[in-house]
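# Structural features, examined
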Amino acid sequence: TVDLMLYNIEMAQRFSDNKINLKESFYKSFLVSYEEVLKFILENGLLVENKLRVSNIVNEATQQNWMNAEGFLRIHNMYIEKS
């Protein structure tokens, strides 16, 4: 389940790389998905084996200048840095 959740976000980021004019709803939906997967990871004790992937998602959102990249970082810090 976690693998599929992360894969979905990673594929969205591959899709969006070098694309312009993506709708705001695209970015919002993946921010929601990111928060959901972080909650699932923490609730099920899966952080150790997934920490790199969740960090890479934040880095990729920042690198691609996603309009809500700061939201990814904020959510990451809220869930991961406190663990």
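Up top you'll find the structure we're talking about.
Residues numbered from 1 in each chain as written. Predicted model: local features only at pLDDT ≥ 70, side-chain atom pairs only at ≥ 80, totals over all residues. Heavy atoms only, no water.

### A short note on the overall build of the protein
The helix and strand tally for the protein stands at four helices and zero strands. Each helix and strand of the protein, placed in order from N terminus to C terminus, yields the pattern α-α-α-α. Taken over the C-alpha trace, the protein has a radius of gyration of 12 Å; the compact-globule value for 83 residues is 12 Å, and the two agree within 12%. Burial status across the protein gives 39% buried among its 83 residues. (Helix = DSSP H or I, 4+ residues; strand = E, 2+ residues; numbered from the N terminus. Rg over C-alpha atoms; globule rule 2.2 N^0.38 Å. Buried < 20%, exposed > 50% of the residue type's maximum accessible area, 1.4 Å probe, protein only.)

### Remarks on the pattern of salt bridges
Taken as a whole and assessed by the stated rule, the structure comprises three salt bridges. With its nearest N and O atoms 3.2 Å apart, the salt bridge here joins Glu24 to Lys28. Of the two residues, Glu24 and Lys28 both sit in helix H2 (residues 24–43), four residues apart, roughly one turn of that helix. Since its relative accessible area comes to 43%, Glu24 is described here as partly exposed. One salt-bridge network, held together by shared partners, links Asp3, Glu10 and Arg53. (Salt bridge = Lys/Arg side-chain N within 4 Å of Asp/Glu carboxyl O.)

### Structural notes on the packing of aromatic side chains
Enumeration according to the criterion identifies seven aromatic pairs in this entry. An angle of 50° between the planes, with centres 6.1 Å apart, marks the rings of Phe15 and Phe26 as tilted. In this pair, Phe15 is assigned in helix H1 (residues 2–16) and Phe26 in helix H2, connecting sequence segments 11 residues apart. Geometrically, the ring pair formed by Tyr27 and Trp66 is edge-to-face, given 5.1 Å between the ring centres and 75° between the ring planes. Residue Tyr27 is found in helix H2, and its partner Trp66 is found in the loop between helix H3 (47–63) and helix H4 (69–81); the two are separated by 39 residues along the sequence. With respect to burial, Tyr27 and Trp66 carry one shared label: buried. (Phe/Tyr/Trp six-rings, centres within 6.5 Å; stacked < 30°, edge-to-face > 60°.)

### Quick notes on the nonpolar core
Counting 24 residues, the largest nonpolar core has Tyr34, Trp66 and Phe72 as its most contacted members. Listing elements by their share of this core, those giving two or more residues are H1, H2, H3 and H4. The contact partners of Tyr34, leaving out residues within four places of it in the chain, are Ile9, Val54, Ile57, Val58, Phe72, Ile75 and His76. (Core = buried A, V, L, I, M, F, W, Y, C linked by side-chain atoms within 4.5 Å. Contact = heavy atoms within 4.5 Å.)

### As for H3
For H3, with 17 residues, the first-to-last C-alpha span of 23 Å sits near the 24 Å given by 1.5 Å per residue. Leu47, Asn50, Val54, Ile57, Val58 and Ala61 are the residues of H3 that are buried. Around the axis of H3, the buried residues are gathered within 95° of arc, so they sit on the same side. Across from the buried face of H3, at angles greater than 90 degrees, the exposed residues are Val48, Glu49, Leu52 and Gln63. Residues of H3 that are buried sit in contact with H1, H2 and H4. At the C-terminal side of H3, Asn65 shows a positive phi close to 60°. (Expected span 1.5 Å × (residues − 1). Arc of directions from axis to C-beta.)

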